[in-house]
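# A look at the structure
One letter stands for each residue in the lines below.
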Amino acid sequence: MAGMTDTRRATMLLVTSLVARLPLAMFSISLLVHVHRLTGSFAVAGAASGAYVIGRGLTSPLLGRVVDRHGQTPVLIGCAAASAILLVVVALLPASVPAPLVVVLSGMIGTVSPPLAACVRALLPVIVTDLNALSAAYTLETTALELTFIAGPPLALGLATSVSTRASLLGGAIILLAATSAFAGQPVSRHGRGRNKPPVRSAGALNSPAIRTVALILGAVGIIFGAVDVAVAATASARHAIGDTGPLLGIWGVGSLLGGIIATHTHASAHGVGAVILLIAALATGHAALILGTGSLPLLGGLLLVAGAAISPATGAIYALASRAAPRGTTTEAFAWLLSASATGASIGVAAAGALSQTAGPQAAFALAAGAGALAVLIAIAGRRSLAFEPTREAPELPALSTG
């Protein structure tokens with residue numbers, strides 16, 4: 001990509017981060033099937049999986065702030081090691097384990113999960129020297145990340161069914177520790193602090209009005225994603241084809257992949273506030289149209305493909321905007337807050353869409369997604385002034401990227 005200081009190093013950074021994030025896409029389902037095998041209870045298994053997700057969301061901003069103060073390498077390797085140890089402990093638990101203990105341990109795994117997504121997104125402005133190319137870089141990263149969500153759950157289930165549920169957890173732990181160490185050992189990650197270290201009295205990333213606005217936007221976008229997950233499953237179930245849920249959601253992911261690839265290769269990624277708002281509107285419109293597909297699964301698949309095409313370009317543009325809006329020395333924390341906002345929105349979307357699907361059918365769940373999309377657009381328009389800031393580029397002090 002034009003504007004990168006060193007394409008080989010940029011590629012290695014992206015590849016190692018994606019491999020390291022693959023287990024993070026596995027652990028929720030791995031914990032679900034393993035705890036169900038141990039306890040025989042889907043209620044306990046769901047609580048354990050939920051505790052893992054909640055744990056990640058609660059500590060991610062805190063870990064991001066620690067990274068901004070002390071650097072990526074010690075935090076990432078420390079968190080990966082702690083996660084691996086806890087995963088081994090859970091994998092080796094006996095069937096007689098008390099339910100509260102396994103839920104607590106699962107939550108602890110989430111709390112010490114390495115903040116890889118926030119770290120790699122904080123480094124992109126360092127390796128991409130052209131501001132105009134930064135949005136395309138975030139779109140590329142978001143597009144590639146789709147591969148982990150596509151491959152992670154099937155890999156977790158494949159290991160669980162073909163070997164054992166323990167193997168699913170242990171394999172993920174090994175990949176997480178090895179790939180995180182490889183990512184954190186690269187020069188751009190090792191030295192990613194320097195003069196960007198935040199002031200002692202820093203109010204943090206949320207001190208920025210732009211970051212607060214982006215967090216609200218991504219919270220609304222998260223509701224879209226959570227609601228669509230449930231609405232697709234509810235639609236397939238109503239058509240007596242619950243097994244088609246996975247392929248339909250896969251088509252949605254393929255749409256995001258294609259949209260990201262097209263945006264990256266045509267240099268169509270947006271970096272102005274107006275263009276970002278248009279992309280958010282496109283994302284909202286595409287997902288609002290999904291309500292038209294509740295009567296036909298083939299039609300729903302086509303609509304999901306089109307709706308997904310806006311995901312990577314829109315989120316890539318949003319992240320590029322956020323990278324320029326974060327107060328000095330809080331970039332990692334800022335991205336951690338944004339990820340937490342998106343995850344919180346998704347949790348709200350899942351819960352609300354589940355209730356709506358049960359009482360009013362899948363059309364109501366898709367209507368929720370449409371409403372959340374409209375909310376995201378309104379937030380972006382209302383917060384346009386806060387987003388129209390003067391961008392700054394305070395890269396950390398790094399060794400020359402052309403040396404070994």
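Not measured: the values here are computed from a predicted model. (Residues numbered from 1 in each chain as written. Predicted model: local features only at pLDDT ≥ 70, side-chain atom pairs only at ≥ 80, totals over all residues. Heavy atoms only, no water.)

### Thoughts on the confidence of the model for the protein chain
On average, residues of the protein chain score 84 in pLDDT, and 89% of them reach the 70 mark or higher. This model gives residues 393-404 a pLDDT under 50, and the stretch forms 34 contacts once residues within four places in sequence are excluded. (pLDDT = per-residue confidence, 0-100. Contact = heavy atoms within 4.5 Å.)

### Observations concerning the state of the cysteines
Note on terminology: a disulfide is the covalent bond linking the sulfur atoms of two cysteines. Applying the stated criterion to the full structure yields zero disulfides. Cysteine Cys79 is unpaired, with the sulfur of Cys119 as its nearest cysteine sulfur at 8.9 Å. Residue Cys119 is classed as buried on the basis of its relative accessible area of 0%. (Disulfide = S-S within 2.5 Å. Buried < 20%, exposed > 50% of the residue type's maximum accessible area, 1.4 Å probe, protein only.)

### So, the environment of Gly64
Here Gly64 is to be found in helix H2 (residues 42-70). Of the residues examined, Gly64 reaches a relative accessible area of 0% and is grouped as buried. Taking the C-alpha atoms as reference points, Gly64 and Ala122, separated by 58 residues in sequence, lie 9.9 Å from one another. Those residues in contact with Gly64 that lie beyond four places of it in its chain are Thr332, Glu333 and Ala336. (Helix = DSSP H or I, 4+ residues; strand = E, 2+ residues; numbered from the N terminus.)

### Side note on the pattern of salt bridges
The tally for this structure, following the rule as stated, stands at three salt bridges. A salt bridge links Arg65 to Glu333, with the shortest nitrogen-to-oxygen separation between them at 3.2 Å. One end of the pair, Arg65, is in helix H2; the other, Glu333, is in helix H14 (residues 331-360), and 268 residues separate them in sequence. You can call Glu333 buried: its relative accessible area is 6%. With a shortest N-O distance of 3.0 Å, Arg121 and Glu141 are connected by a salt bridge. Taken as a pair, Arg121 in helix H5 (residues 116-127) and Glu141 in helix H6 (residues 131-162) lie far apart in primary sequence, 20 residues in all. (Salt bridge = Lys/Arg side-chain N within 4 Å of Asp/Glu carboxyl O.)

### Examining H14
In a regular helix each residue adds 1.5 Å, so 30 residues correspond to 44 Å; H14 covers 42 Å between its end C-alpha atoms and thus fits that length. Where H14 terminates, the next one or two residues include Gly361, which has phi positive at roughly 90°. (Expected span 1.5 Å × (residues − 1).)

### Examining a nonpolar patch on the surface
A surface patch of nonpolar side chains, about 570 Å² in accessible area, is lined by Ile251, Val254, Leu258, Ile261, Ile262, Leu305 and Val306. The set of elements that each furnish at least two residues to the nonpolar patch consists of helix H10 (245-265) and helix H12 (297-308). Sorting elements by how many residues they give to the nonpolar patch places H10 first, with five residues. Mapped onto the secondary structure, Val306 falls in helix H12. (Patch = residues over 30% accessible without salt bridge, like charges linked within 9 Å, V, L, I, M, F, W, Y side chains within 5 Å. Areas by Shrake-Rupley, 256 points an atom, 1.4 Å probe, with all protein chains shown as cover.)

### Brief notes about the side chain of Thr331
Along the chain, the position of Thr331 falls in helix H14. Thr331 has contacts with Asp68, Ala122 and Ala326, leaving out every residue within four places of it along the chain.

### A look at the side chain of Arg324
Inspection of the secondary structure puts Arg324 in helix H13 (residues 311-325). The class of Arg324 is buried, set by a relative accessible area of 9%. Within the structure, the side chain of Arg324 is placed 3.3 Å from the backbone oxygen of Ala320, a separation counted as a polar contact. (Polar contact = N/O pair within 3.5 Å; in protein donor to acceptor, adjacent residues only side chain to side chain.)

### Digging into unusual backbone geometry
Despite not being glycine, His240 has its phi angle at roughly 60°, a positive value. Summarising the element assignment, His240 is placed in the loop between helix H9 (209-238) and H10.

### Observations regarding the environment of Arg328
Following the sequence through the fold, Arg328 ends up in the loop between H13 and H14. Owing to a relative accessible area of 37%, Arg328 belongs among the partly exposed residues under this scheme. Along the chain, Arg328 and Gly204 lie 124 residues apart, while their C-alpha atoms are 9.2 Å from each other.

### Here we look at the packing of H2 against helix H3 (residues 72-91)
Orientation of H2 relative to H3, taken along the N-to-C sense of each, is 140°, at an axis distance of 7 Å. As far as their axial angle goes, H3 and H2 are oblique. Two secondary-structure elements touch here, H2 through Leu63, Val66, Val67 and His70 and H3 through Gln72, Pro74, Val75 and Cys79. For the contact of H2 with H3, the class distribution of residues is six nonpolar, two polar and no charged. (Axes fitted to C-alpha atoms, helices over the stretch in contact; angles between N-to-C directions. Parallel < 35°, antiparallel > 145°, perpendicular 65-115°, else oblique. Nonpolar A, V, L, I, M, F, W, Y, C, P; charged D, E, K, R; others polar.)

### Considering the packing of H9 against H13
Running from N to C, H9 and H13 cross one another at 160°; their axes reach a closest spacing of 10 Å. As summarised for this structure, H9 and H13 are arranged roughly antiparallel, according to the angle between their axes. Judged by the twist between their axes, the crossing of H9 over H13 is left-handed. Residue-level inspection shows Ala210, Ile211, Val214, Ile217, Leu218 and Phe225 of H9 in contact with H13, the latter providing Ile311, Ile318, Tyr319, Ala322 and Ala325. (Left-handed = near helix turned anticlockwise from the far one by under 90°.)

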